Structure formats: C-alpha cells, structure tokens
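Examination of the molecular architecture
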Amino acid sequence: MPSDLDFLSPTSVDEAIALKAVPGTAWLLGGTDLLPQMRAGRKAPGRLVDLKRIPGLHEIREVADGGLSIGAAVPLADVEVHPDVLDRFPLLAECAKTVGAWPLRQRATLAGNLCNASPAADTAVALLALEAEVEVASTVGRRTIPIREFFLGPGLSALEPGELVTAVVLPGASAGFRGSYLRLSRRKGMDLATVGVLVGKSNGTLPARWRVALAAVAPTPLRLRAVEELLEAKGAAAASEAAEAARLACRPITDLRGSAEYRREMVGVLVRRGALSLG
Amino acid sequence: MKKTITLEVNGVPETAEVEVGTTLLRFLRDGLDLTGAKEGCNEGECGSCMVLLDGRPVNSCLVLAVEASGRRVTTIEGLSKDDVLHPLQKAFLSHAAIQCGFCTPGMIVSAAALLREKPEPSEDDVRKALAGNLCRCTGYRQIVDAVHSAAAEMRAAASVGGNGNADAGKPAACEEVTA
Ligand SMILES: Cc1cc2nc3c(=O)[nH]c(=O)nc-3n(C[C@H](O)[C@H](O)[C@H](O)COP(=O)(O)OP(=O)(O)OC[C@H]3O[C@@H](n4cnc5c(N)ncnc54)[C@H](O)[C@@H]3O)c2cc1C
Ligand code: FES
Ligand code: FES
C-alpha cells in the first residue's frame, strides 16, 4: 500500500459524497474486495473514505410498501439472520450465507457485493430475483436504480463516478418467494461460485410466480425471465424444458474454476433440480 | 500517511500512530507484540489472523488498523485469564486438535465467537463457523470434537453459577456486542 495513502471517516452521506470529489478517492465498506484488490495492484486509490461511521447506513428498516431497506454498511452476517429477511425474503438469506465464510461476512456488505459487480456475486442473483432497487446519492441528488439495469459487465455497474449506494430496497411485492440457491464451488467455504442457480416460487399467490437467476455463467449475474414464464405457464412439470432453455441462455466462460461446457451442463442440472424441488 | 488511533486491546487502552495501509494484524503483531494471530495468506482466505472486533470474528488481515480506532479488539492472548487457559484452549490440547499450531489461535477465536452465539452448537454449526479457518495438519475432526467438548464444559460451568472457567469462556469484549 502506498505510504501517502490517506484515510477519512465522515459521519454523514453528504460529507462522504463531497470527499469523493478529489480524484483517487475510494469509498470503503467491509474492504473485503477493495483491500485485496489494492494489495494486488488492481486498484490504487490515494485515499480511502470509510462509510462505516455513518449512522444512517447501518439500518435495516421496513419501508412503506411492506418492503425492506438494507443500509449499505450492514454486514451480510446481520442480513442472513434478520427476522424480516428470513420471514419474507428468505432467498436473500440463502444467497447471503454462501458468501465467503462467517467471519468474512461480519465485514462484507450487500452494497459492496453489488458495487464490485462480479459476475459471481452471490447476493446479486437474489436481488435480481426479488427485483430490488439500489438507492444512490451524489452531489446532483438522489436516484433509484432498478437492479435489472445495475450490472453492465465484469466489474462494471450503472453507478456514475460520484454515486454512493446508500441502501438496497426489497419491494413488498417480492415478499414470500421461497426456494433455494444451488451453488457449486471447489470447496464449501471461502470460494467463489463456479455456478450458482437460484430457483424461487411465490408462496400463496395463484397462479404461482417463478424466479430463476444465475451467477458465474455470464458477464453479469443473469435473471432468466423466459425460463420463469415457462414455469409459470406449465409448473414444475416443465422442469426439463426450463433446464434446456436456461442451458441455452447462459454464456459461461472457461476459467480456473471450471470449463464453459461444465458450467452450461450444470446450469441445466441445477435449474431442473431447483424447479422439481418446488413442484 | 500516519494517523493516531485509540482502541482497547484485550481490555487495555492503547494509543498509537499507524500508517493508513497497516493492517490490524500487522499492528497487533508488530506494534503490540501480540503474535498469537498469524499471517497465513494476507488475503482473507485462511483465517489464521482471526481476532474479535467489538465481539465479532474478523480476518484482521482485511481490516486496517485505522478502522479499528474507537473499537474493542480481543486476540487469542485475551482469551486466557491470569494464566488460566480458556476452556477452548484446554480442549484443543486435550483433544490433540493442535499439530503445528499455526491455525490454532484463529480456530479458537472463531470457535469462541461461535460459542458466545450458540452455547450448544450442532456439528454443522461448528463446521460452518470454522469454514473460514484452514488447517493443513489435523484433518479437522479433532478440532470439531474439541469445540464440542469445550462447549459442554462451558455450559456445565455456567449452570453451576459461573466459576473462573465460565468467566474465561466469555471474553470481556464478547459480552457487549453492539449491533
Ligand atoms: C476470501 C474471500 C472470499 C470471498 N468469497 C465470496 C463469495 O463467496 N461470494 C461473493 O459474492 N463474494 C465473495 N468475496 C468478495 C467480497 O467479500 C464481497 O463481494 C463483499 O460483499 C464485498 O463487500 P465489502 O463491504 O467488503 O466491499 P468493499 O471492498 O468495501 O467495497 C467494494 C467496492 O465498492 C466500492 N464501494 C464501497 N462502498 C460503496 C458505496 N456505498 N457506493 C459505491 N461504491 C462503493 C468500493 O470502493 C469497492 O470498489 C470474497 C472475498 C474474499 C476476500
Ligand atoms: S492471514 Fe488473514 S485470512 Fe489468511
Ligand atoms: S495444526 Fe497445523 S495448520 Fe492446523
């Protein structure tokens, strides 16, 4: 790390945004992406602005439509055990608890996982499936980015340079989806997903709504609306058809974790398995 | 750039000047001579650097010392009390859960954090809580057994109204975990 590296810890969002105006400034949440990237020389900010002393970013609170707002600085370890998350948005807990290992998740945040925009970001699939909204603030004001517009490519998001993520909001309309996140990795803890497949189904609504989202098999995390529609039309009886459609829709690459062919096959296997388990 | 930090380490207030880039791990080892926490990978993968930060287990190689200012840190050195070993430390010895010992401080700190949340953990709870701690020697079986044995001892001590061992089971920093 450079010897002239500076560190500031503002206590308000406005202050944090103003500090970003200086070139070479990076925001810091858990640091579980940023610090290793700095050590590897892939990022070289001249100063770090720690967001963890901003009180408003630590809240998980209910919002008007019955949804849940998760502050940017809330560690994933708190998200995965939060009663409202477990009760109404269990798919997010399923995904959150697969990130790294328990101590890592005491630091790692949902917002950091999104901002890093990895194709393998485990929480991203839950947020795509649950149609989350990303709340951001900058010197020009505040706006909300629908999650489907957020991921643009590996490491690339729709955030403009000075935009700070303040919270991730799960809309009330997405409450009640159940299902599972089927994830393959080389070891059970502390490894990024080789393939991640989330299959969810609404609870109680008729006709049932389905959700299918994938991690680590395309340049961005993917939600497969066409596959969901197939399952909505025909139910779990269409599990094999859904699996084939998902297999064709993903765009995996070969890397140290697995080959493109393996990943594509596993997408089919896991979508089928996930759909049948909800039949 | 240097910054002044003040924090509490194993119950002792500390003030120091640190470079911003210095990790909490380096500060503990080089600045305070607390060499229990180890640097295995320096990238969050191995867990040998585990310490408690405000009662939460964290990879101290992924925390900057400046981030710990104003907070409470407990290291493996802070788990034993007046030369009385923590029940986990005793159980690791009696179960041969230590071979080279490099992973041991991290394992015990993670396990201490687990037992504070779940005094009666299942096998799965223990394995999940320790999934971020690598051991190249023991094969893990003895470690998992040691955690269960220490948990049982700590529960027994707590149910007889708390004696020295039960106190040692609860590091000061663990009692007041903040949200
Ligand atoms: C050993 C190890 C294992 C891992 N395993 C997994 C895994 O299994 N699955 C997985 O998905 N990830 C994994 N990760 C990656 C990482 O832990 C997660 O992506 C984590 O959620 C990042 O959150 P953070 O709070 O640490 O982010 P940080 O590192 O603090 O920040 C991430 C990026 O976002 C920027 N940023 C921070 N806050 C904001 C903000 N409010 N607005 C805009 N930009 C901001 C930062 O400048 C940085 O570029 C792993 C990392 C390690 C070291
Ligand atoms: S040294 Fe920190 S996790 Fe390996
Ligand atoms: S005892 Fe040697 S690494 Fe665990």
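Residues numbered from 1 in each chain as written. Chains lettered and ligands numbered in written order. Predicted model: local features only at pLDDT ≥ 70, side-chain atom pairs only at ≥ 80, totals over all residues. Heavy atoms only, no water.

1. Quick notes on the domain arrangement of chain A
Here chain A is partitioned into domain 1 (6-49), domain 2 (58-173) and domain 3 (177-277). Relative placement of domain 1 of chain A and domain 3 of chain A: their C-alpha centres are 35 Å apart. (Domains from an automatic or database assignment.)

2. Topic: the interface of chain B and chain A
With 33 residues of chain B at the interface, the matching set in chain A holds 29 residues. Of the roughly 2500 Å² buried between chain B and chain A on both sides combined, carbon and sulfur atoms contribute 55%. It is Arg-56, Leu-62 and Glu-67 of chain B in chain B that bury the most area against chain A; as a group they hold 24% of the surface buried on that side. For the interface between chain B and chain A, the tally reads four salt bridges. Put simply, Glu-67 of chain B and Lys-52 of chain A hold a salt bridge, and the shortest N to O gap is 2.5 Å. At the junction of chain B with chain A, the criterion picks out twelve residue pairs in polar contact (both at pLDDT 80 or more). Among the elements of the structure, strand E3 (50-53), strand E4 (56-59), helix H3 (104-117) and helix H4 (123-129) of chain B are those that each provide at least two residues to the side of chain B that touches chain A. Here the residues of the side of chain B that touches chain A are counted per class, giving 16 nonpolar, eight polar and nine charged. (Contact = heavy atoms within 4.5 Å. Buried area = accessible area lost by both parts, 1.4 Å probe. Salt bridge = Lys/Arg side-chain N within 4 Å of Asp/Glu carboxyl O. Polar contact = N/O pair within 3.5 Å; in protein donor to acceptor, adjacent residues only side chain to side chain. Helix = DSSP H or I, 4+ residues; strand = E, 2+ residues; numbered from the N terminus. Nonpolar A, V, L, I, M, F, W, Y, C, P; charged D, E, K, R; others polar.)

3. A word on the packing of aromatic side chains
Residue and element names in this part refer to chain A. Across all of its chains, the model carries one aromatic pair over all chains by this definition. Consider the rings of Phe-150 and Phe-151, whose centres lie 5.3 Å apart with planes at 85°: the pair is edge-to-face. The exposure class assigned to Phe-150 is buried, which follows from its relative accessible area of 0%. (Phe/Tyr/Trp six-rings, centres within 6.5 Å; stacked < 30°, edge-to-face > 60°. Buried < 20%, exposed > 50% of the residue type's maximum accessible area, 1.4 Å probe, protein only.)

4. As for helix H9 (residues 239-249) of chain A
Residue and element names in this part refer to chain A. Those residues of H9 lying buried are Ala-239, Ala-242, Ala-243, Ala-246 and Arg-247. Along the long axis of H9, the arc covered by the buried residues comes to 140°, so they all point the same way. The inward-facing, buried residues of H9 abut helix H8 (225-234) and helix H10 (260-277). (Arc of directions from axis to C-beta.)

5. A short note on the sheet that holds strand E1 (residues 6-8) of chain A
All names here are of chain A. Judged by pairing direction, the sheet is parallel, and its three strands sit side by side in the order E1-E3-E2 without closing on themselves. Taken across any chain shown, the strands that pair with only one partner, and hence form the sheet edges, are E1 and strand E2 (25-28). Adjacent strand axes in the sheet meet at a mean angle of 25°, parallel and antiparallel pairs treated alike. As judged from the three bridges shared by E1 and strand E3 (residues 47-50), these two strands associate in the parallel manner. Across the sheet, Leu-8 pairs through a bridge with Val-49, a residue of E3. (Pairing = 2+ DSSP bridges. Axes fitted to C-alpha atoms, helices over the stretch in contact; angles between N-to-C directions.)

6. Thoughts on the domain arrangement of chain B
Residues and elements named next belong to chain B. The domain boundaries assigned to chain B delineate domain 1 (2-78) and domain 2 (87-174). For domain 1 and domain 2, the distance between their C-alpha centres works out to 21 Å. Opposite the 18 residues of domain 1 that make contact, domain 2 presents 15 residues. Each partner contributes to the roughly 1300 Å² buried at the junction of domain 1 and domain 2, and carbon and sulfur atoms together form 68% of this total. Contact with domain 2 buries surface across domain 1, with Met-50, Leu-52 and Ile-76 losing the most and accounting together for 37% of the total. Along the contact surface separating domain 1 from domain 2 lie zero salt bridges. Of all elements in the fold, only E3 and strand E5 (72-74) reach the threshold of two or more residues within the side of domain 1 that touches domain 2. Looking at which element gives the most residues to the side of domain 1 that touches domain 2, the answer is E3, with three residues. Here the side of domain 1 that touches domain 2 is built from residues that sort into six nonpolar, seven polar and five charged.

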